Every structure is written in C-alpha cells, then in structure tokens.
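This is what each chain is made of:
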Amino acid sequence: MRTTFQLLAGSFHKAAATFLMIVLLGACSTTSTLEVPPPSMAQTSPKYAAIVVDANSGAILFQANADQPRYPASLTKMMTLYMLFEAIETGRISRDTLIPVSDYARTRPPSKIGFKRDQSVDVDTAIRALAVKSANDVAVALAELLGGTEEQFAQMMTAKARQLGMSSTTFRNASGLPDDQQRTTARDMALLGMALRRRFPSHYAYFSGTSFSYNGRTIRGHNDLIGKVDGVDGIKTGYIRASGYNIVTSVNRDGRRMVVVVMGGENAKSRNAHVHELIVRYFPGARPGV
C-alpha cells in the first residue's frame, strides 16, 4: 500500500497551521506503508498500535492499528506540558511561578513526587517532574492552576488537541490515570510529539532528561531508550493496566528526524526492543532536513 501522512485542516492557530503545511508538503511524495508489524514483535495483545513518521516530510514509514482508539496513560502529560509551555510563552506564568499543591493533587496515586499539606512547587521543577518522573500529583496541581479544576483543564486540553488536528483524542484528566473516556490513537500521539518540538524548541530539551534533583533527592525517570539508542532524544512513556506499555520516541540524527509511537506493549523491555527495531528498520528511509 502506498500512502502519506495527512491531517485534516481546521481552525488552526498560526503555529498549528505551520505544522500542517509541513505535513502536507510531505504528502507530495509517497512511501510504502507496512500494515503488519515486524515478525519479531509477537502480537498477543489487542492493545498494540504503532506508527513511524518521518518528522521532516510527514511521510508514514510504518503503521499498525494507528487509528484504533487506545488509552494514552501518561502520554497524556505531553499535552499537559504543551499547555504549560504555552502559558509560559504567553507570559501567564514563569519558570519561577509557584504552583500550589492541593490536598486532592497530593493524594493522587503514583507515580508522584510526594508533597506535604500546603506545599507548592516551582514551574521549572514541575516540568521536570512531568517529563522525567511522570508525576501525577504535579499534573493535577498544574491543571488546577491553569484551568481552575482538572476537569476544566481537560476540556482545554481536548480543545487544543482539535486545534492541532488530533481528531481522535479526548482528555478527561491531566495525568493519564485511568478513565474509560480518555482515548487517543498512535497517529494523534505522533502528531503531538512532533508539534511539541516544532512549537517549543527551547523547551524540548526537558524531554531528554533522565533524572533531576528535588529536595536533596535524585529522582530518576522511566525512559530507558535515552542515552542507549543512537539519536533518541525523548520524549515520553506511559503505563496503566488498560493501556499496556506506551511510548512516544523522538529520533534525531544527521539531519533526519523520526517519531516512533508504540502502544500496548506487554512490558517495558519488549516495548523498548520493538521501538529499537523500528528505528533500525525505518530510519534509513527518513529524509534529511532542508
């Protein structure tokens, strides 16, 4: 089958429109798309979905169940961070702004930082806590700061998803904790991963972090591909029981850029191995940037 990565046009803000143009330019050429995963990825789970996208041209290099609804789990925090980065750029908050941690936020289940009553966290630390640790308590605190309530913030997140062309994504919370109505697709997560780099290049390095310090502790992250697979520079992992092991991975090497999304892995090790396999197989077909 021959296909290309296409996005529905809509009422985009200026940045999203620029991204749409890049993707549509990629539609001027064609690329072969495999609908079956490589043989080494034994598919025993109906949760599996994947997509590999050339981030320079927008061409799809591989896809499997890419438009089937899936639970995002902590990939949700990519959009939470998108909203936070936008608030910083518009001057609504700064990296030094203190985020109050409500009783509701601090009692969210792990992963979490762990706060005492009436504590707060600065925005810079919050970003690291979300990108590296995937902290649910911080996600909720941020949602309450920017949206008033987590429910209202989730509505804002969904509206932003529509602006970015993520037509199959609905957010119900800021963390990715289980909710039957919180759904996305591998294609939408690839779109969000590329939009984060394009829209916020000065903030994107946060997604490359593997640890950070807080209150005298070193807090380590979950993304074991960073620093171990050549060219991988982010972006986010996620897991809940309903989703399986999810990941959005960015690869940037020799002017070529690729985004790999794998959802529904049976464990982190097999998921990471599959991502590595997809990188080895499809990265040579990615186009150099112009």
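Residues numbered from 1 in each chain as written. Predicted model: local features only at pLDDT ≥ 70, side-chain atom pairs only at ≥ 80, totals over all residues. Heavy atoms only, no water.

Caption draft 1: Here's a closer look at the packing of aromatic side chains. All chains considered together, the criterion is met by eight aromatic pairs. Look at phenylalanine 85 and phenylalanine 207: their rings are 6.3 Å apart centre to centre, the planes differ by 85 degrees, and that puts the pair in the edge-to-face class. Of this pair, phenylalanine 85 sits in helix 2 (residues 76-89) while phenylalanine 207 sits in the loop between helix 7 (186-199) and strand 7 (211-214); the two residues are 122 residues apart in sequence, bridging distant segments of the chain. Sitting over the ring of tyrosine 71, arginine 183 keeps its end group 4.1 Å from the ring centre. Arginine 253 extends its terminal NZ or CZ atom over the ring of phenylalanine 283, reaching a point 4.5 Å from the ring centre. (Phe/Tyr/Trp six-rings, centres within 6.5 Å; stacked < 30°, edge-to-face > 60°. Helix = DSSP H or I, 4+ residues; strand = E, 2+ residues; numbered from the N terminus. Lys NZ or Arg CZ within 6 Å of the ring centre and 35° of its normal.)

Caption draft 2: A look at the sheet that holds strand 11 (residues 256-265). Read from one edge of the open sheet, five strands run 4-3-11-10-9, paired in antiparallel fashion. Across the chains shown, the open sheet's two edge strands, defined by having one partner strand only, are strand 4 (60-64) and strand 9 (232-240). Ignoring strand direction, the axes of neighbouring strands in this sheet form an average angle of 5 degrees. Relative to strand 10 (residues 244-253), strand 9 runs antiparallel, the two sharing seven bridges. Bridging from a neighbouring strand, lysine 236 pairs with valine 248 of strand 10. In the packing of helix 8 (residues 268-282) onto the sheet, contacts are made with strand 3 (49-54), strand 4, strand 9, strand 10 and strand 11, and the angle to strand 11 comes to roughly 150 degrees. (Pairing = 2+ DSSP bridges. Axes fitted to C-alpha atoms, helices over the stretch in contact; angles between N-to-C directions. Contact = heavy atoms within 4.5 Å.)

Caption draft 3: Region of interest: unusual backbone geometry. Residue serine 111 is reached from proline 110 by a cis peptide bond, and omega for that bond is 5 degrees. Mapped onto the elements, serine 111 comes out in the loop between helix 3 (103-106) and strand 6 (120-122). The amide bond that connects glycine 234 to the next residue, isoleucine 235, takes the cis arrangement and shows omega of 25 degrees. Checked against the element boundaries, isoleucine 235 lands in strand 9. Its identity as a non-glycine residue notwithstanding, alanine 73 has a phi of 55 degrees, on the positive side. Relative to the elements of secondary structure, alanine 73 occurs in the loop between strand 4 and helix 2. Residue alanine 73 is classed as buried on the basis of its relative accessible area, which comes to 1%. With a phi close to 55 degrees, aspartate 254 is a non-glycine residue in the positive phi region. For aspartate 254, the location among the structural elements is in the loop between strand 10 and strand 11. The class of aspartate 254 is exposed, set by a relative accessible area of 67%. (Buried < 20%, exposed > 50% of the residue type's maximum accessible area, 1.4 Å probe, protein only.)

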